[in-house]
Amino acid sequence: MFTANGDYANLKGNYLFYEVGKRARAYAEAHPDAELIRMGIGDVTQPLVPAVISAMHRAVDEMSRAETFHGYAPDFGYEFLREAIHKRDYVSRGIDVSQDEIFVSDGAKCDVGNFQELFSRSCRIAVLDPVYPVYVDTNVMAGRTGTNDGGRYAGLVYLTCDASNGFVPGPEAAEGADIVYLCYPNNPTGAVATKEQLQKWVDWANDRKSLILFDAAYEAFIRTPGIPHSIYEIPGARECAVEFRSFSKTAGFTGTRCAYAVVPTSVRAWMPDGSPADLRAMWTRRHTTKFNGVSYPVQRAAEAVYSPEGQAQTRALVDGYLANAAIIRERLAACGLRCIGGDNSPYIWVATGGVDSWSFFDRLLREAQVVTTPGSGFGRCGEGHIRISAFNRSDRVIEAMDRIEKVLK
Ligand code: MLT
């Protein structure tokens, strides 16, 4: 008899952004004249920048001629892209990461979701709460949790993020955890972690033989000087951390798909019998077995992000989204709502003043025709909040704020 993976039965409800999309679609179908403004999922709205488009065009032309055609990409990504990543994201910041520790992929969500395959089922996982749901749901699917009662899965260690710890918990609450997912700038709260805060995590992981999975998908939004862009800016991180990066939000690649993971040769891991394991070799095995690479035109497009024009153009793109975020914060604060994030992040985390998240989401959808993301979808500590994404055109953001103001005032 065929039996399905019973751990899926532990999953609570739909994937968050699927559910938000479903509710927005149902509303749009029932109200065909309503003009929805989507500020829910963090999906970019601005076109790819000219430097990226030209590189992609050139690469597509190369694919049309036998002498410049490309079939399968090299296993870890083309050297031209890995070299560009290595130089611009690491060497230029004085960070010790080598080119052969970089694995090009089609998305940080996929990498983060897949990486847990390398861990034994008995590993105890710690997550921030609120949390990007992919970290949790993929571990539920893999059988590392029990059921979800009262908004939390049995077996996970939840690290409360709230005003009392500035939305950046320290490792003291991670008692018993073997692996921790950290995301800074944070999705969903937009909080950033300082070097000192990350150093505590790195020391904790090295002391305990634990692992940090560091999601830096939003690093391009950091504007405050001194905030680390990479976990490898922290001494000791090469021994205990894996990093995930993406071109999605940095350069508008959500529909184009390109990202990378860094797995240092020095990161320490252990087999169930206590003997040392080579995590980079294990990720190599997984990646080469289950993944066939990112297309040549997309890798050329990603390389162009690192050209001088690409850097200037993508920075302007991110600056535009940050300007939207500033408008959102200011306008919502003027309506009396407490907001954090949005200064080094495209997300603004908004307290709903005691109203539950889904009710507030529904109200903004029905009365303002603005789609947001209910905070409770990110975990129990997200209750009483919504997340607003700044990924939109500035005129749409202003229109959304005008509408929300009318509803709330
Ligand atoms: C988000 O809105 O949290 C992200 O866009 C989701 C993702 O990157 O997968």
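Now for a quick tour of the structure.

What counts and how
Residues numbered from 1 in each chain as written. Predicted model: local features only at pLDDT ≥ 70, side-chain atom pairs only at ≥ 80, totals over all residues. Heavy atoms only, no water. Helix = DSSP H or I, 4+ residues; strand = E, 2+ residues; numbered from the N terminus. Rg over C-alpha atoms; globule rule 2.2 N^0.38 Å. Buried < 20%, exposed > 50% of the residue type's maximum accessible area, 1.4 Å probe, protein only. Contact = heavy atoms within 4.5 Å. Areas by Shrake-Rupley, 256 points an atom, 1.4 Å probe, with all protein chains shown as cover. Lys, Arg positive; Asp, Glu negative; His and termini not counted. Charge placed at Lys NZ, Arg CZ, Asp CG, Glu CD. Core = buried A, V, L, I, M, F, W, Y, C linked by side-chain atoms within 4.5 Å. Expected span 1.5 Å × (residues − 1). Near = heavy atom within 4 Å. Polar contact = N/O pair within 3.5 Å; in protein donor to acceptor, adjacent residues only side chain to side chain. Nonpolar A, V, L, I, M, F, W, Y, C, P; charged D, E, K, R; others polar. Phe/Tyr/Trp six-rings, centres within 6.5 Å; stacked < 30°, edge-to-face > 60°. Lys NZ or Arg CZ within 6 Å of the ring centre and 35° of its normal. Axes fitted to C-alpha atoms, helices over the stretch in contact; angles between N-to-C directions. Parallel < 35°, antiparallel > 145°, perpendicular 65-115°, else oblique. Left-handed = near helix turned anticlockwise from the far one by under 90°. Pairing = 2+ DSSP bridges.

**With respect to the overall build of the protein**
Point 1. From N to C terminus, the protein includes 12 helices and 17 strands.
Point 2. Its C-alpha atoms give the protein a radius of gyration of 21 Å, within 12% of the compact-globule value 22 Å for 409 residues.
Point 3. If one aligns the C-alpha atoms of the protein with their principal axes, the spans along those axes are about 60 × 55 × 55 Å.
Point 4. For the protein, the proportion of its 409 residues judged to be buried stands at 56%.
Point 5. In the protein, of all internal contacts separated by at least 6 residues, the share reaching a separation of at least 24 is 74%.
Point 6. Of the roughly 17,100 Å² of accessible surface on the protein, 52% is carried by carbon and sulfur atoms.
Point 7. Charge separation in the protein, taken as the distance between the mean sites of 44 positive and 49 negative side-chain charges, equals 2 Å.

**Notes on the environment of proline 74**
Point 1. As for its position among the elements, proline 74 is in the loop between α2 (50–63) and α3 (79–90).
Point 2. Residue classification places proline 74 among the partly exposed positions, given a relative accessible area of 37%.
Point 3. In this structure, the C-alpha to C-alpha distance between proline 74 and tyrosine 296, residues 222 residues apart in sequence, is 9.8 Å.

**Side note on the nonpolar core**
Point 1. By size, the foremost hydrophobic cluster in this structure holds 83 residues, and its most contacted members are Ile212, Phe247 and Phe253.
Point 2. Setting aside its immediate chain neighbours within four residues, phenylalanine 247 contacts Leu81, Ile85, Gly252, Phe253, Cys258, Ala259, Tyr260, Ala302, Val305 and Tyr306.

**Side note on α3**
Point 1. An ideal rise of 1.5 Å per residue puts 16 Å on 12 residues; α3 measures up with 15 Å between its terminal C-alpha atoms.
Point 2. Of the residues making up α3, those classed as buried are Phe80, Leu81, Arg82, Ala84, Ile85, His86, Asp89 and Tyr90.
Point 3. Contact partners of the buried residues in α3: β2 (102–105), β9 (241–246), β10 (259–262) and α9 (296–305).

**Some thoughts on the side chain of histidine 229**
Point 1. Among the structural elements, histidine 229 can be located in the loop between β8 (211–215) and β9.
Point 2. You can call histidine 229 buried: its relative accessible area is 11%.
Point 3. Discounting chain neighbours no more than four positions away, the residues touching histidine 229 are Arg93, Ala216, Glu219, Ile222 and Arg245.

**A look at the site of the ligand**
Point 1. Lining the immediate surroundings of the ligand are Phe17, Ile41, Gly42, Lys109, Tyr132, Asn187, Tyr218, Lys249, Tyr347 and Arg387.
Point 2. Between tyrosine 132 and the ligand, the recorded distance is 2.5 Å, taken from a side-chain N or O atom to an oxygen atom.
Point 3. In the model, an oxygen atom of the ligand is placed 3.4 Å from a nitrogen or oxygen of the tyrosine 347 side chain.
Point 4. Burial of the ligand by the protein amounts to 85% of the accessible area it has alone, namely 270 Å².
Point 5. Residues belonging to the shell around the ligand are distributed by class as follows: five nonpolar, two polar and three charged.

**Examining the packing of aromatic side chains**
Point 1. Under the defined criterion, the tally for this structure stands at 23 aromatic pairs.
Point 2. A centroid spacing of 6.2 Å and a plane angle of 55° characterise the contact between phenylalanine 247 and tyrosine 260, whose relative ring orientation is tilted. Placement of the pair is phenylalanine 247 in the loop between β9 and α7 (248–251) and tyrosine 260 in strand β10, with a sequence separation of 13 residues.
Point 3. Assessed through its relative accessible area of 2%, phenylalanine 247 is described here as buried.
Point 4. In this structure tyrosine 260 comes out as buried when scored by relative accessible area, which is 1%.
Point 5. When the centroid spacing of 5.9 Å and the interplanar angle of 85° are considered together, the rings of phenylalanine 247 and tyrosine 306 count as edge-to-face. In this pair, phenylalanine 247 sits in the loop between β9 and α7 while tyrosine 306 sits in the loop between α9 and α10 (308–334), placing the two residues 59 residues apart along the sequence.
Point 6. A network of ring pairs unites the aromatic residues Tyr90, Phe247, Phe253, Tyr260 and Tyr306 as a single cluster.
Point 7. Its end group placed over the ring of phenylalanine 80, arginine 300 keeps NZ or CZ at 3.6 Å from the ring centre.
Point 8. Above the face of the tyrosine 347 ring, arginine 387 is positioned so that its terminal group lies 3.7 Å from the ring centre.

**Quick look at the packing of α3 against α9**
For any two helices packed against each other, one specifies the crossing angle of their axes together with the interaxial distance.
Point 1. Direction vectors running N to C along α3 and α9 enclose 25°, while the axes themselves pass 9 Å from each other. Compared by their axis directions, α3 and α9 come out roughly parallel. In the packing of α3 onto α9, the handedness of the crossing is left-handed. Across the interface between the two elements, Phe80, Leu81 and Ala84 from α3 touch Tyr296, Gln299, Arg300, Ala302 and Glu303 from α9.
Point 2. Among the residues making up the contact of α3 with α9, the classes are represented as five nonpolar, one polar and two charged.

**Some words on the sheet that holds strand β17 (residues 385–389)**
Point 1. What the four strands build is an open sheet, ordered β13-β14-β17-β16; its pairing is antiparallel. Only two strands of the sheet have a single partner each, and these edge strands are β13 (339–341) and β16 (373–374).
Point 2. Across three bridges, β13 lies against strand β14 (residues 347–351) in antiparallel orientation. Bridging across to β14, cysteine 339 finds its partner in valine 350.
Point 3. Sitting on the sheet, helix α11 (residues 357–368) touches β16 and β17, and the angle it makes with β17 is about 45°.

**A few points about the sheet that holds strand β6 (residues 157–160)**
Point 1. Across the sheet, which stays open at both edges, the seven strands sit in the order β2-β10-β9-β8-β7-β3-β6 with mixed pairing between neighbours. Of all the strands in the sheet, the pair left with one neighbour each is β2 and β6. Strand-to-strand twist across the sheet, computed as the mean angle between neighbouring axes with direction ignored, equals 20°.
Point 2. Bridge analysis of strand β3 (residues 125–129) against β6 gives four bridges, and the strand direction is parallel. Directly across from aspartate 129, in β6, lies its bridge partner threonine 160.
Point 3. The sheet strands contacting α3 are β2, β9 and β10, and the helix crosses β2 at an angle near 115°.

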